4 protein chains.
Amino acid sequence: MGLRVTVWNEFVHEQTNDFVRTIYPDGIHEQIASHLRSQSDFEVRTATLEQSDHGLTPEVLESTDVLMWWGHAAHEKVNNEIVDRVQERVLAGMGLIVMHSSHYSKIFKRLMGTSCALCWREAAERERLWVVSPNHPITQGCGRYIEIPHAEMYGEFFDIPDPDELLFVSWFEGGEVFRSGAVWHRGRGRVFYFRPGHETYPIFYHPGVLQVLTNGVRWCAYHGNDEVIGVGKALNQKEPFEKIGPKDYVVGALRHPPTFNPGDR
Amino acid sequence: MGLRVTVWNEFVHEQTNDFVRTIYPDGIHEQIASHLRSQSDFEVRTATLEQSDHGLTPEVLESTDVLMWWGHAAHEKVNNEIVDRVQERVLAGMGLIVMHSSHYSKIFKRLMGTSCALCWREAAERERLWVVSPNHPITQGCGRYIEIPHAEMYGEFFDIPDPDELLFVSWFEGGEVFRSGAVWHRGRGRVFYFRPGHETYPIFYHPGVLQVLTNGVRWCAYHGNDEVIGVGKALNQKEPFEKIGPKDYVVGALRHPPTFNPGDR
Amino acid sequence: MGLRVTVWNEFVHEQTNDFVRTIYPDGIHEQIASHLRSQSDFEVRTATLEQSDHGLTPEVLESTDVLMWWGHAAHEKVNNEIVDRVQERVLAGMGLIVMHSSHYSKIFKRLMGTSCALCWREAAERERLWVVSPNHPITQGCGRYIEIPHAEMYGEFFDIPDPDELLFVSWFEGGEVFRSGAVWHRGRGRVFYFRPGHETYPIFYHPGVLQVLTNGVRWCAYHGNDEVIGVGKALNQKEPFEKIGPKDYVVGALRHPPTFNPGDR
Amino acid sequence: MGLRVTVWNEFVHEQTNDFVRTIYPDGIHEQIASHLRSQSDFEVRTATLEQSDHGLTPEVLESTDVLMWWGHAAHEKVNNEIVDRVQERVLAGMGLIVMHSSHYSKIFKRLMGTSCALCWREAAERERLWVVSPNHPITQGCGRYIEIPHAEMYGEFFDIPDPDELLFVSWFEGGEVFRSGAVWHRGRGRVFYFRPGHETYPIFYHPGVLQVLTNGVRWCAYHGNDEVIGVGKALNQKEPFEKIGPKDYVVGALRHPPTFNPGDR
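Being a predicted model, the structure only gives us computed values, none of them experimental.

Parameters and conventions
In this convention, every chain numbers its residues from 1, walking through the sequence in written order. Each chain gets a letter, beginning with A, and each ligand a number, beginning with 1, in the order they are written. Under the rules for a predicted model, residues below a pLDDT of 70 receive no local features and side-chain atom pairs below 80 are neither given nor counted, while totals for whole chains, interfaces and linings still include all residues. Side-chain numbers come from the whole structure's heavy atoms, not from hydrogens or water. The helix and strand labels rest on DSSP assignments: H or I over at least four residues marks a helix, E over at least two residues marks a strand, and numbering proceeds from the N terminus. Three labels apply to residues, based on accessible area from a 1.4 Å probe with only protein chains included: buried if under 20% of the type maximum, exposed if over 50%, partly exposed otherwise in between. Only the protein chains shown count as cover for residues, and all accessible areas are computed by the Shrake-Rupley method using a 1.4 Å probe. To line up the copies, we fit them by least squares on C-alpha atoms, keeping just the residues with pLDDT of at least 70 in both. Note on contacts: a residue pair qualifies if any of its non-hydrogen atoms lie within 4.5 Å across the two residues. Summed over both partners, buried area is the accessible surface (1.4 Å probe) that two parts give up on being assembled. By convention in these notes, a salt bridge is any Lys or Arg side-chain nitrogen within 4 Å of a carboxyl oxygen on Asp or Glu. Polar contacts, as counted here, are pairs of nitrogen or oxygen atoms within 3.5 Å of one another; within protein the pair requires one atom able to donate a hydrogen and one able to accept it, and residues that are adjacent in sequence qualify only if both atoms are side-chain atoms. Note that Gly is not counted as nonpolar here; it falls among the polar residues with everything else outside the nonpolar set of Ala, Val, Leu, Ile, Met, Phe, Trp, Tyr, Cys and Pro and the charged set of Asp, Glu, Lys and Arg. Each Phe, Tyr or Trp ring (for Trp, its six-membered ring) is paired with any other whose centre lies within 6.5 Å, and the angle between the two planes then decides the class: stacked below 30 degrees, edge-to-face above 60, tilted in between. Two conditions define a charge sitting above a ring: the NZ of Lys or the CZ of Arg must be within 6 Å of the ring centre, and it must be within 35 degrees of the ring normal.

Another aspect to go through is the overall build of chain A. In terms of regular secondary structure, chain A is built from seven helices and 10 strands. C-alpha extents for chain A along the principal axes are approximately 75 × 45 × 35 Å. Within the span of chain A, comprising 265 residues, buried residues form 67% of the whole. Accessible surface for chain A amounts to roughly 8700 Å². Of this, 49% is attributable to carbon and sulfur atoms.

Next up on the list: the relation of the copies chain C and chain D. Mapping chain C onto chain D calls for a rotation angle of 180° and an axial translation of 0.0 Å; the resulting RMSD is 0.0 Å. On this basis, the relationship between the two copies can be described by a two-fold rotation axis. Residues of chain C ranked by C-alpha distance from the rotation axis are headed by G113 of chain C, positioned 2.7 Å from it. Interface overlap between copies: 100% of the residues of chain C at the interface are likewise at the interface in chain D, consistent with a symmetric, same-surface contact.

Cis geometry is found at the peptide bond from E156 of chain A to F157 of chain A, where omega equals 10°. Looking at where F157 of chain A falls in the secondary structure, it is placed in the loop between β6 (145-155) and β7 (165-172). A positive phi angle, near 55°, is found at D53 of chain C, a position not held by glycine. Relative to the elements of secondary structure, D53 of chain C occurs in the loop between β2 (42-48) and α4 (58-62). With a relative accessible area of 29%, D53 of chain C lands in the partly exposed category. Phi at F11 of chain D is positive, roughly 55°, even though this residue is not glycine. By the element assignment, F11 of chain D lies in the loop between β1 (3-9) and α1 (13-16). Given the relative accessible area of 17%, F11 of chain D is considered buried.

Both copies of the chain are related by a screw-like operation: a rotation about an axis and a shift along it. With an RMSD of 0.0 Å, the fit of chain C onto chain A corresponds to turning through 180° and sliding 0.0 Å along the axis. Of all interface residues in chain C, 100% are interface residues in chain A too; the two copies therefore contact each other through one and the same surface.

At the junction of the two partners, chain C supplies 84 residues and chain D supplies 84 residues. Summed over both sides, the interface of chain C with chain D buries roughly 6200 Å², with 61% coming from carbon and sulfur. The tally of links from chain C across to chain D stands at zero salt bridges. For the interface between chain C and chain D, the tally reads 24 residue pairs in polar contact (both at pLDDT 80 or more). When contributions to the side of chain C that touches chain D are tallied by element, the ones reaching two or more residues are α2 (18-23), α5 (80-91), α6 (106-112), β5 (119-131), β6 (145-155), β8 (177-186), α7 (207-220) and β10 (235-236) of chain C. Considering each element in turn, the side of chain C that touches chain D owes the most residues, seven residues, to β5 of chain C. Looking at the side of chain C that touches chain D, its residues break down into 39 nonpolar, 24 polar and 21 charged.

The next point concerns the interface of chain C and chain A. Taken together, the 32 residues of chain C in the interface contact 32 residues of chain A. Both sides of the chain C and chain A interface together cover about 2700 Å² of buried area, and 48% of this is carbon and sulfur. Taken together, the links from chain C to chain A amount to four salt bridges. Here R128 of chain A and E242 of chain C are joined by a salt bridge, their closest N and O atoms 2.5 Å apart. Elements supplying a minimum of two residues to the side of chain C that touches chain A: β5, β7 (165-172) and β9 (189-194) of chain C.

Applying the stated criterion across every chain yields a total of 54 aromatic pairs over all chains. Note on Y154 of chain B and F178 of chain B: the rings are 5.6 Å apart at their centroids and 70° apart in plane angle, and the pair reads as edge-to-face. Taken together, the residues span a long stretch of sequence, with Y154 of chain B in strand β6 (residues 145-155) and F178 of chain B in strand β8 (residues 177-186) at a distance of 24 residues. The residues Y154 of chain B and F178 of chain B share a single accessibility class, namely buried. Here the aromatic rings of F158 of chain D and Y193 of chain D are separated by 5.4 Å at their centres, their planes lie at 55°, and the arrangement is tilted. Here the residue F158 of chain D occupies a position in the loop between β6 (145-155) and β7 (165-172), and Y193 of chain D occupies one in strand β9 (residues 189-194), the gap between them amounting to 35 residues. Judged by its relative accessible area of 0%, Y193 of chain D is buried. Members of the aromatic cluster, joined through ring pairs, are F108, Y154, F158, F178, W184 and Y193 of chain A. It is R128 of chain C that lies over the ring of Y145 of chain C; its NZ or CZ is 6.0 Å from the centre. Over the face of the ring belonging to W219 of chain C we find R190 of chain C, whose NZ or CZ atom lies 4.2 Å from the ring centre.

Function-wise, these values are silent; they only describe arrangement.
This is the structure in structure tokens:
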């Protein structure tokens with residue numbers, strides 16, 4: 001069985017903006033999916049906001065190893081119930097790749113716990129993504145850096161939790177830097193944020209960007225050790241592993257405070 | 001001006017259970033607050049679920065440096081609007097100490113992005129919290145470990161993001177271990193989870209536990225660099241810091257895909 | 001080409017102690033190697049202290065993807081020149097698995113930068129290694145924990161740098177805990193420390209321990225992005241990527257201190 | 001008692017190069033020390049390579065809370081014995097601030113375990129250090145970034161272990177980025193690497209740089225929990241905390257391999 005990828009796109013700009021359509025005539029999701037389909041072991045589907053359940057039914061999620069997310073204009077139109085469902089699947093082991101403006105998606109903010117705000121500028125400036133983690137498989141095949149001739153700028157401070165690993169740092173022509181590639185574990189799942197991409201630039205045709213996304217799918221696909229208990233649901237482990245000695249403490253009959261002396265630790 | 005602490009308690013068990021009341025006659029919050037008041041530079045208040053806004057009005061939060069949270073039976077009764085408000089204040093720099101069963105509070109789950117589930121057992125067993133981070137101020141004055149004679153057990157797997165620093169690991173008589181003390185940064189705020197405490201044990205009279213909580217207040221009180229932009233709100237940085245060169249790219253007139261060659265990075 | 005593993009053993013106890021020889025008649029290295037050989041894609045060699053260059057010639061290291069290290073009584077007999085050579089290979093991308101008492105080996109201390117000291121007791125007590133990172137491939141197939149009936153105890157504080165990921169935490173019958181499985185990146189290489197194992201216990205016959213070591217070999221074998229410059233050797237990047245503007249500063253003719261005003265940042 | 005700082009400088013360029021002397025007539029150490037002396041609670045000393053024991057006698061180190069290190073041309077002239085001594089003191093709780101070209105000092109490489117190599121260029125270009133950790137006291141008072149008009153460039157990849165916290169990322173005019181401020185724990189001590197500074201630029205007069213160094217001294221001065229055992233020296237904890245049950249295992253009389261079944265974990 002192949003590695004099952006679902007590419008999700010809000011699919012708004014491409015239907016409302018002529019210029020965007022000249023770059024991504026079938027939508028950003030189709031451009032990404034068409035590249036991923038070149039990998040013989042990937043099984044690639046797409047899903048969009050306008051579909052029933054935004055295309056993310058329990059069945060689709062259950063049969064997805066890695067979900068890729070692209071949103072920009074319609075974050076607020078994503079139903080909270082679907083966000084709950086995606087979060088639950090990530091914690092259970094589904095990988096999630098969050099692209100560019102999806103830093104502000106409900107699902108990313110949900111998994112990070114922060115505002116995920118940042119600074120930005122639209123000036124078609126040059127970006128160079130430097131590899132700072134040559135040890136990570138996601139950076140394989142990228143050389144020392146990826147150069148993007150025209151890009152929207154994202155600058156620090158980027159309000160995310162400290163990444164579990166920082167992979168790329170961007171240099172921008174206008175003077176800013178940005179933590180452009182980073183990963184986090186959440187439950188049994190893996191989350192990868194990757195900055196490049198914007199609807200008005202052909203960035204999802206860039207070989208280096210596509211290489212990183214392909215690497216990202218492979219890395220995020222790991223499902224985790226599913227024998228481990230305690231992900232998503234508390235367990236009452238009534239039986240101890242070891243014999244617990246007799247106690248002078250009985251609930252309801254404890255001698256009362258304080259039972260400690262000042263020097264106790 | 002002192003360091004302003006607000007101790008929040010759902011205050012349910014102490015009003016409904018006689019045995020709990022023998023241990024914490026004025027509530028867990030009052031026991032903790034009364035200890036913290038021994039620190040001359042602390043200004044300590046309490047707040048409870050039953051109060052208007054759960055006692056956490058914008059004014060109270062705005063004048064709180066560190067919020068301590070104790071919940072167990074009534075997590076679902078906390079209004080989402082108040083959770084939003086607390087989260088926003090943490091990101092803006094308020095410290096948060098999350099105690100024991102509050103691992104399942106809405107605010108902790110919100111800030112972590114995970115289920116925060118764990119394994120547990122109620123058997124009045126011995127716990128020993130080992131210091132694994134002697135370099136952290138929160139562990140100061142605790143010796144090598146803190147020993148608690150009777151405790152509810154919490155065991156791994158504890159579904160939290162990898163801590164920014166792991167401070168304590170618990171040994172339990174029944175055979176489990178648990179990451180009992182850990183810290184995370186969120187925005188400009190600091191979050192400290194500390195495991196000990198249960199309404200049926202006099203754990204909040206334990207000198208070692210009280211020492212750690214006092215240390216925790218001091219450590220979480222740091223407000224962060226409030227000149228940094230991008231926490232909580234995106235910024236459109238229209239003016240670049242550096243001159244951006246002339247571009248052959250103009251939005252709406254870009255030569256169309258692909259603009260990249262296979263060898264490009 | 002298979003994954004090339006070299007199992008290194010100081011091979012002292014097995015030649016000097018009859019009881020140890022009844023457990024590991026051909027040496028700990030041969031017991032581990034014989035198990036790893038069951039993996040069809042592994043090519044397994046061994047090397048020992050008494051060999052020329054301790055069996056770790058440049059050719060052997062150059063053709064090793066993962067080096068496993070077992071030392072206890074003879075750490076000081078390992079030549080510094082060989083330690084230099086191993087360190088250089090790890091930074092260049094060779095994986096390293098450090099087992100049990102090798103926490104005190106020269107190569108581990110070299111790569112960690114700390115004393116790597118710990119607390120210990122020899123009392124044939126029960127150990128239970130709990131998985132705290134269900135997301136890591138090294139924990140795959142281990143269930144929730146690994147139980148070892150008789151083991152030497154290692155207890156905290158373990159003087160290591162904060163792990164890049166903490167995988168296992170041990171519970172010991174005598175009352176201690178220990179961070180028993182942890183990984184670090186060093187240059188392009190990966191380092192995995194795994195606690196179990198002692199020459200007087202048949203721990204390297206334990207299916208769970210062998211599973212983790214096999215997983216460890218696979219995980220540590222990743223070579224890193226070898227196009228990245230700056231590992232092991234500084235680079236003078238004389239040509240800038242971007243045009244650097246004309247400066248009023250010329251070395252040797254700078255207007256002299258201070259060139260800054262108090263309000264400057 | 002004040003916070004005791006020792007500023008160490010190899011003090012070579014300032015004695016051999018006229019231009020450097022016009023910027024730092026009394027040496028870089030004196031310029032830094034003179035600023036730190038403005039803090040009323042700091043007690044500041046200096047030490048240099050040419051002094052006996054490089055000025056770092058056991059007595060000096062024992063009475064130093066934070067050591068600042070500046071080296072460039074004479075790393076190899078530092079005696080290994082002194083490096084051992086400094087490392088031991090860091091593990092025991094002394095803070096260490098490593099500045100600029102000292103990334104290649106013996107003590108920094110010793111504590112990191114990596115090559116600490118990087119890319120560099122001498123072109124008097126503009127540098128902007130962006131704060132990426134607004135939550136860290138070292139970034140307090142720095143605004144969003146520090147701008148340095150003329151600087152030597154340091155670029156990625158910087159071969160260091162993943163920082164425990166990343167504080168600053170630099171943007172360079174010539175197109176590179178660099179992790180310019182980062183901290184690590186080692187034993188009970190704290191290590192802070194800060195990039196700015198070069199003998200041919202008046203960077204140690206820059207108010208933002210001096211602010212960070214002052215913050216760094218305060219942060220690194222924390223001594224750690226010195227009751228914790230296991231830093232620097234192993235401990236044989238003969239007496240268990242808990243009773244260890246009777247064993248069928250006796251060293252020298254164990255039934256021999258394997259004692260495990262394939263299904264065991």
